[in-house]
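Here is how the chains run, residue by residue.
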Amino acid sequence: QVHVAESGGGLVQAGGSLRLSCAASGAIFSRNVMGWYRQAPGKQRELVATMTRSSTNYADSVKGRFTISGDNAKNTVYLQMNSLKPEDTAVYYCRVSWTRWDKNAYDYWGQGTQVTVSS
């Protein structure tokens, strides 16, 4: 059983900063992809940033403002969010996924943490 838990959301004024944390536990393959996604009211869930052991990837809307970091082998990932804008308001979800040598794919999500940016 894999458990994914986020923390660190909250209310912040525009221009402020927040740091989200995510820890996953259970039988997790070390060569995984960990990442952050978000879903605003009335919108589809979208990628914010992802991280592997060798690379990171960001949505264009957060490049230069958000930084993903962590340790895939320890199943922890963080999202430092700076220069926050009202349009960053959303529920932020942590995801951990991997594909094994036998091609079986695994995909786990946290419950989400609310980030609200006031103007």
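What you see is a predicted model; the values in this text were computed from it and never measured.

Reading the values: rules and limits
Residues numbered from 1 in each chain as written. Predicted model: local features only at pLDDT ≥ 70, side-chain atom pairs only at ≥ 80, totals over all residues. Heavy atoms only, no water. Core = buried A, V, L, I, M, F, W, Y, C linked by side-chain atoms within 4.5 Å. Buried < 20%, exposed > 50% of the residue type's maximum accessible area, 1.4 Å probe, protein only. Helix = DSSP H or I, 4+ residues; strand = E, 2+ residues; numbered from the N terminus. Salt bridge = Lys/Arg side-chain N within 4 Å of Asp/Glu carboxyl O. Pairing = 2+ DSSP bridges. Axes fitted to C-alpha atoms, helices over the stretch in contact; angles between N-to-C directions.

J.: Residue-level account of the nonpolar core, with values.
T.: Trp-36, Leu-79, Met-81 and Tyr-92 are the most contacted members of the largest nonpolar core, which has 30 residues in total. Listing elements by their share of this core, those giving two or more residues are strand S3 (18–25), strand S4 (33–39), strand S5 (46–51), strand S7 (66–71), strand S8 (76–81), strand S9 (90–99) and strand S11 (113–118). Element by element, the count of residues in this core is highest for S9, at five residues.

J.: Help me get a handle on the pattern of salt bridges, residues and values and all.
T.: Considering all chains together, one arrives at six salt bridges under this definition. Note that Arg-38 and Glu-46 form a salt bridge whose closest N and O atoms lie 2.7 Å from each other. Taking the relative accessible area as the measure of exposure, Arg-38 reaches 6% and is therefore buried. Between Arg-95 and Asp-107 there is a salt bridge, and its shortest N-O distance comes to 2.6 Å. In this pair, Arg-95 is assigned in strand S9 and Asp-107 in strand S10 (residues 105–109), connecting sequence segments twelve residues apart. We classify Arg-95 as partly exposed; its relative accessible area is 22%. Look at the salt bridges and you will find they share partners, linking Arg-38, Glu-46, Arg-65 and Asp-88 into a network.

J.: Describe in detail the sheet that holds strand S1 (residues 3–7), supporting the description with residues and values.
T.: Spatially, S1-S3-S8-S7 is the arrangement adopted by the four strands of the open sheet, whose pairing is antiparallel. Looking along the sheet, the strands with just one partner apiece sit at the ends: S1 and S7. Pairs of neighbouring strands in the sheet enclose a mean axial angle of 15 degrees, with direction left out of account. As paired strands, S3 and S8 are joined by six bridges and run antiparallel to one another. When the sheet's bridge partners are listed, Arg-19 is paired in S8 with Gln-80.

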